[in-house]
Number of protein chains: 2
Amino acid sequence: MGPLKGQMLWLQVESGVWKATVGTPEEYSLLSASGSQPLKEGFSRLPKVVLPELASSVTGTVQDGKTYLSIPLSKEEQLYGFGLNFKTVHQRGKILNLHVDHYGGSDNGRTHAPVPFYISSQGYGILINSARYLTVYAGSGITKDSPDAEKAKDRNTDKTWTSQPYSDAVSVLVPASGVEIYLFAGPTPMDVVRRYNLLCGGGTLPPRWGLGFTQRTPVLYTAEQVEKEVDEFERHGYPLDFIGLEPGWQSKAYPCTLEWDSNRYPDPGSFVQRLLDKGVRINLWTNPYISPDSQIYKDMYPVSGSHTVWGGIVPDLVTEKARRLWQDKLMQEHISIGVGGYKIDEVDGYDNWLWPDIATFPSGISAEQIRQTYGMLTQRITNDIFRKQNRRSYGLVRASNAGACSFPYVLYNDYYDHRDFITALINSGFCGVLWTPEVRGTKSAEEWLRRLQSVVFSPMAMIDSWASAVKPWTFPEVASLVKEYALLRMQLIPYLYTEFARYHFDGIPPFRAMNLEPGFNLKEAISQELGSQNLEENPYLEVVKKEIKDQYMVGEYLLVAPMFTGQTSREVVLTKGNWYDFYTGEYVGNGEKIIVTPGLDRIPVFVKDGAVIPMMEPMLHAPKSGQIVNMEIRHYGKANGHYRLYDDDGETFDYEKGLYSWRDIKIERQKNGKWKGSISKIESGKPNSIGKVTWVFMTKD
Amino acid sequence: MGPLKGQMLWLQVESGVWKATVGTPEEYSLLSASGSQPLKEGFSRLPKVVLPELASSVTGTVQDGKTYLSIPLSKEEQLYGFGLNFKTVHQRGKILNLHVDHYGGSDNGRTHAPVPFYISSQGYGILINSARYLTVYAGSGITKDSPDAEKAKDRNTDKTWTSQPYSDAVSVLVPASGVEIYLFAGPTPMDVVRRYNLLCGGGTLPPRWGLGFTQRTPVLYTAEQVEKEVDEFERHGYPLDFIGLEPGWQSKAYPCTLEWDSNRYPDPGSFVQRLLDKGVRINLWTNPYISPDSQIYKDMYPVSGSHTVWGGIVPDLVTEKARRLWQDKLMQEHISIGVGGYKIDEVDGYDNWLWPDIATFPSGISAEQIRQTYGMLTQRITNDIFRKQNRRSYGLVRASNAGACSFPYVLYNDYYDHRDFITALINSGFCGVLWTPEVRGTKSAEEWLRRLQSVVFSPMAMIDSWASAVKPWTFPEVASLVKEYALLRMQLIPYLYTEFARYHFDGIPPFRAMNLEPGFNLKEAISQELGSQNLEENPYLEVVKKEIKDQYMVGEYLLVAPMFTGQTSREVVLTKGNWYDFYTGEYVGNGEKIIVTPGLDRIPVFVKDGAVIPMMEPMLHAPKSGQIVNMEIRHYGKANGHYRLYDDDGETFDYEKGLYSWRDIKIERQKNGKWKGSISKIESGKPNSIGKVTWVFMTKD
């Protein structure tokens, strides 16, 4: 028996979820740092399954102070996940060093959410619950005793020689002398994702206003300028639910005092309240590094790390004292006066200004582990404050990891590549995080509109003008189209909110890859082409991978295929089943590749047969708790429709106590050939926000 | 006392070299893997020095199973080294993960020779003798109790805010619970480099033929084609000392049998001998991965690693048995019939086809440590065979590390960026390795000539036509200029050979940075410019570094400033002292920046005042052992000249037994104002290769 032959004992921890340990796992792990508890009742709605067969072939051993894991792969299998990748959806063959960092332009494991979780196309998933930097060989490397290994070939004479022969395993190096590993059953990849999200506490359910429109203001804006901007949104008729203040709200920033600048914000309490009265919440930018000028610096000093960030100390958020100091400060300065959320910056990288791996922390947790979990800790701790207030929050954060899917945060960065932002959105659904392809300054009206059209089909519909001072109406030639899409976003809130409820209760990611759809053809999704045959350009004749990574699902029914600057047409791959145009209801195809040529006014959106899309009237702010809104419920295609529309107060955690409802919507063809829609009555005592319903049957016979 | 406060006990191991240990250093280290012994007598020619003051401020502690080192930095200090970097000479501020790999386009520590040795501009050096992947913060990261730390600034209002405040230490994370660290005194950076090279055994002294011209042939060339090519070199009048066979000489390759292909090479013994008779040696490409079709596969199997490379097994070259099997095979098949050296490929990376870090090896040495030392082990083991034959070899290898400077190998890769190749050449001198900016196919005659002009001023003057089948005369419009430079290379052999002897005996790198020259202005060498002030392009307002990284010294006297395709003029920075044009002897400047506008026919080369450049007559092959050649000894400038010309048999290791000479050359102005040169007599019993001497005084009064 060689050293890789350490078989494992699998213990079922939830329905369809098993855990095994190798060596002595560390106490501080991703799941322990997140503090998440499984959403147990969610598992009851998943298929009953048995331990996947491959469990008996997973091996783990401890050697050289490290844990070596090996998980078998079969020939046709494909892998998804391994965190927030920006350029690739299909991960088989990759070598990744999972490391929380800003995204640097290549999918090498350094990213904002390097979640050590992957899903196999064969319907199982693996989570390695370690807060260390893991090295993953996602189907790379072949043992010499492998019965499946390709035979050696003679490159001199054999044209089929390849620099990357088939590998039959995922190998993982955990730099610690033990680890916990979780195995998730399917049967489908979607079921795997659901089990993973439920294990991590279920997906976040944002407040309804979180799904409205948001604008981030320039760095040095004053209270007066912010209020003026809010008024301008109202006057121009653009929706706005929350507005972001960038560093200038603080008396000092990079590092931060967490205190209001008394010149730019002389009376924060009244300022926040005046905006709340207008239906607009405040979101505050910050980073966690504490300025020597902050009132909490002295108390925080002994519970901070050995190294500074821009001269600020780094709170050791593993210690109770640091958590409490930070929470108390945020509560006292911001949350108590009505601030609705945060944008937590610089918890990811860059290495050049974060603490080095030789830094030490009073908790005794290593710099590496703190780095892997710091963004998650900031989410957990701020979430706890809002939970205590029984107010939901929704904000932005630059780093996350396994276990964080129940925290109300959306990831973002400075990378700003439109195409890669869409690939990140696709991958976010594989790893229990949310991602916004935010809109900043652009070079043209076309780019502005194209980006705006995508961001309204994302978890946070945001314009970030911190540096460029752009407004939705900055490009007059497309300002009315921008307004149309911003209002479409508002109309879609009932649908999006329901899909987020499914994220919460059932673990179904609201934004996700085509690969999680039934009837998606794997062979079409990923293929290989010969690379350059010029040996001086490509000495090892590496192949080029082609994959579908620019279209995605929004909830149950909508397929979104963004257009990028310069494009006038694009391919869209439809899964099996009839598909319809979102705007016209017309049939577009079934299980095929279509070419679309929309004008600048349209982002291609397609709808499944039998889809039910509940839309509210276009409003400038999301409905408040208890506010009744009129609905247009659309039906697409020829199949009968059925949807369960979620409702609750939209602002508190009372849904956790059962104060929510699922209203049954049915759309059926009558005997007279006409369509008819119906919606179930609201149960007494349950919240309701639905007023008059108009039924719209989009597909004409 | 915090955990970083572990002071060290420094023990002097050689003159000006001290060693300290932290924790329990591992037995398997870079120096132990290299097997190098210090060249003790070389230290006697270096200044006597005391332990540098900073020794008492170096700290090391073991925590979390890792060793954390901290070495102080003062404000104006600059750092060089950290292995074979391609884009930067000045390393302060960098974060590197030192990892043997192919060079991937950024100086992040992954390179062919990630040597954990650096030199301070203040005249000391540090070697971390670990075969682990080291993370180096080369002046990045600031402890919160640092007395030198910059104060936190408010980015909102302070224009001097920087994302990278001054750091006062080099920090190193060694992923092992102990390490040896060496401290080298100066007083100058050059003295530091010399002590380092001498500790590692002194630099390699190639055979004289190794400094001649070499051509590598296309992959599938037959014996007949190779012989024809050798004849063509002769007929066209281009020099050729050794010729390289690429994979096609083997019966199977990638992985390798190490056996001759009986079709292409039916009679290897006679083939090699016929070429030797023409004065041309054979160099054989190989990689160490053994094909199942090799006769040694079965015996090697039990002493190979757990994982394959392209279906070949990976000999565990730490084990005596694998070394012996490999040595015996190379001796029997190649070296015994006269093969002169190897090109050892694919001992660096890529990760995608080398063994993963979870691989295991029968020696018990980890995959990580094997990776860091594998190229060095192949050098050591092949070198041992040639030493046993008392024949010097000179070859190519794709990976090296600390301790390898006495091995007769030159590094190379597929990266092929002319500018970056020159920067690598500069950096090679900081880390005890040699580098060739080899010439392959090019897009134009201009590029061809420009690359050719640089490679003749490098450790190996090579054209590599493995993929492109180029010959020196491929571009007829520059063929005669190519010949002129190839012959200039031959003429320079006495000078180059002497400078290599100084590498061997005194540790002075023959190819090196301006920064090691006296009178080089550090402020000119490296400066910072503001980066983009557009926050959307450069959100953290990172600065841009500008540095001198495109000119270098060849030996004591020559400054080479290559021209790159498209350039018609360039800047050259001259150190203090008078400088002269190599071709004309005319004065060009002193301690200043000059602009040169050479034609395509000239690579700018400048010569120090008082320089003595011994040049032999232009020949097509380097002189054989005992062959006498006529010399032209050039003098440049207005100062008297003095040079010690090295001589030995040029082929064996007898110089280690004292069979060599240093002949004193003096060039002095006579009372009559005329220059006169003289050369000391050869001691009796010492080898001599110098015939008639012609004195040429290049600088006219």
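To be clear, the structure that these remarks concern was listed above.
Residues numbered from 1 in each chain as written. Chains lettered and ligands numbered in written order. Predicted model: local features only at pLDDT ≥ 70, side-chain atom pairs only at ≥ 80, totals over all residues. Heavy atoms only, no water.

(A) Quick peek at the pairing of strand β13 (residues 178–185) of chain A. All names here are of chain A. The element β13 is largely enclosed, with a buried count of eight among its eight residues. Judged by which residues are buried, β13 turns out to be covered on both faces: Gly178, Glu180, Tyr182 and Phe184 on one side and Val179, Ile181, Leu183 and Ala185 on the other are all buried. Relative to β13, strand β2 (residues 17–23) runs antiparallel, the two sharing seven bridges. Bridging from a neighbouring strand, Trp18 pairs with Leu183 of β13. Note that strand β9 (residues 124–128) and β13 share five bridges and pair antiparallel. The residue bridging Tyr124 from the neighbouring strand is Ala185, located in β13. (Buried < 20%, exposed > 50% of the residue type's maximum accessible area, 1.4 Å probe, protein only. Helix = DSSP H or I, 4+ residues; strand = E, 2+ residues; numbered from the N terminus. Pairing = 2+ DSSP bridges.)

(B) Expanded view of the relation of the copies chain B and chain A. If you rotate chain B by 180° and push it 0.0 Å along the axis, it lands on chain A with an RMSD of 0.0 Å. On this basis, the relationship between the two copies can be described by a two-fold rotation axis. Looking at the rotation axis and the C-alpha trace of chain B, the residue lying nearest is Gly65 of chain B, at 4.1 Å. A symmetric contact is evident, with 100% of the interface residues of chain B recurring at the interface of chain A. (Least-squares fit on C-alpha atoms with pLDDT ≥ 70 in both. Contact = heavy atoms within 4.5 Å.)

(C) Looking closely at helix α2 (residues 189–199) of chain B. Residue and element names in this part refer to chain B. Within α2, 11 of the 11 residues are buried, which leaves the element mostly enclosed by the surrounding structure. Those residues of α2 lying buried are Pro189, Met190, Asp191, Val192, Val193, Arg194, Arg195, Tyr196, Asn197, Leu198 and Leu199. Looking one or two residues beyond α2, the residue adopting positive phi is Gly201, at roughly 105°.

(D) How the structure looks around the interface of chain B and chain A. In this assembly, 78 residues from chain B lie in contact with 78 residues from chain A. Looking only at chain B, the three residues that lose the most surface to chain A are Lys144, Ile358 and Glu536 of chain B, adding up to 13% of its buried area. Between chain B and chain A we count four salt bridges in total. A salt bridge links Asp64 of chain A to Arg132 of chain B; the nearest nitrogen and oxygen atoms lie 2.8 Å apart. Where chain B touches chain A, the interface holds 34 residue pairs in polar contact (both at pLDDT 80 or more). Only β4 (66–72), β11 (142–143), β12 (169–174) and β17 (307–308) of chain B provide two or more residues apiece to the side of chain B that touches chain A. Here the residues of the side of chain B that touches chain A sort into 32 nonpolar, 25 polar and 21 charged. (Buried area = accessible area lost by both parts, 1.4 Å probe. Salt bridge = Lys/Arg side-chain N within 4 Å of Asp/Glu carboxyl O. Polar contact = N/O pair within 3.5 Å; in protein donor to acceptor, adjacent residues only side chain to side chain. Nonpolar A, V, L, I, M, F, W, Y, C, P; charged D, E, K, R; others polar.)

(E) Looking closely at the packing of helix α10 (residues 479–491) of chain B against helix α11 (residues 493–506) of chain B. All names here are of chain B. Where α10 meets α11, the closest approach of the two axes is 5 Å, and the angle between their N-to-C directions is 50°. Considering the angle they form, α10 stands oblique to α11. Taken together, the residues of α11 that come into contact with α10 (itself represented by Arg489, Met490 and Gln491) are Ile493, Pro494 and Leu496. Looking at the contact of α10 with α11 residue by residue, the class counts come to four nonpolar, one polar and one charged. (Axes fitted to C-alpha atoms, helices over the stretch in contact; angles between N-to-C directions. Parallel < 35°, antiparallel > 145°, perpendicular 65-115°, else oblique.)

(F) Structural detail: unusual backbone geometry. Cis geometry is found at the peptide bond from Gly186 of chain A to Pro187 of chain A, where omega equals 15°. Position of Pro187 of chain A relative to the elements: it lies in the loop between β13 and α2 (189–199). At Phe82 of chain A, a residue that is not glycine, the phi angle is positive and equals roughly 55°. Among the structural elements, Phe82 of chain A can be located in the loop between β5 (79–81) and β6 (95–100). Of note, the phi angle at Tyr254 of chain B is positive, near 55°, even though the residue is not glycine. When you line up the elements, Tyr254 of chain B lands in the loop between β15 (242–245) and α4 (268–277).

(G) Representation of the pattern of salt bridges in the model. All names here are of chain B. On inspection of all chains with the given rule, the structure shows 99 salt bridges over all chains. Notably, a salt bridge pairs Asp464 with Lys343, separated by 3.6 Å at the nearest N-O pair. With a gap of 121 residues between them, Asp464 in strand β21 (residues 461–464) and Lys343 in strand β18 (residues 341–344) connect regions that are remote in the sequence. Just as Asp464 is buried, Lys343 falls in that class too.

(H) Structural context of the packing of helix α8 (residues 418–428) of chain A against helix α9 (residues 445–455) of chain A. Residue and element names in this part refer to chain A. Contact geometry of α8 with α9 gives a least axis separation of 11 Å together with a crossing angle of 5°. Between α8 and α9, the angle is such that the two are roughly parallel. Taken together, the residues of α9 that come into contact with α8 (itself represented by His418, Phe421 and Ile422) are Arg450, Arg451 and Ser454. When grouped by side-chain class, the residues that make up the contact of α8 with α9 number two nonpolar, two polar and two charged.

(I) Focus on the environment of Ala322 of chain A. Along the chain, Ala322 of chain A falls in helix α6 (residues 320–333). A residue is classified by how much of its surface remains accessible, and Ala322 of chain A, at 0% relative accessible area, is buried.

(J) Representation of the side chain of His621 of chain A. Residue and element names in this part refer to chain A. In this fold, His621 is placed in the loop between β32 (612–616) and β33 (629–635). Separated by 3.3 Å, the side chain of His621 and the backbone oxygen of Lys278 make a polar contact. Polar side-chain contacts of His621 include one of 3.3 Å to the backbone oxygen of Gly279.

(K) Representation of the sheet that holds strand β31 (residues 605–608) of chain B. Residues and elements named next belong to chain B. An order of β22-β25-β26-β31-β28-β29 is seen for the six strands of this open sheet, with the pairing classed as antiparallel. Of all strands in the sheet, those with a lone pairing partner are β22 (511–513) and β29 (587–590), marking the two edges. Strand-to-strand twist of the sheet, defined as the mean angle between neighbouring strand axes without regard to direction, takes the value 35°. Bridge analysis of strand β26 (residues 558–560) against β31 gives three bridges, and the strand direction is antiparallel. For Leu558, the partnering residue across the bridge sits in β31 and is Val607.

(L) Structural detail: the pairing of strand β1 (residues 11–14) of chain B. All names here are of chain B. As judged from the three bridges shared by β1 and strand β2 (residues 17–23), these two strands associate in the antiparallel manner. Note that in β2 the partner of Leu11 across the bridge is Lys19. Here β1 folds back onto β2, and the loop between the two strands holds two residues, one of which, Gly16, carries a positive phi near 80°.

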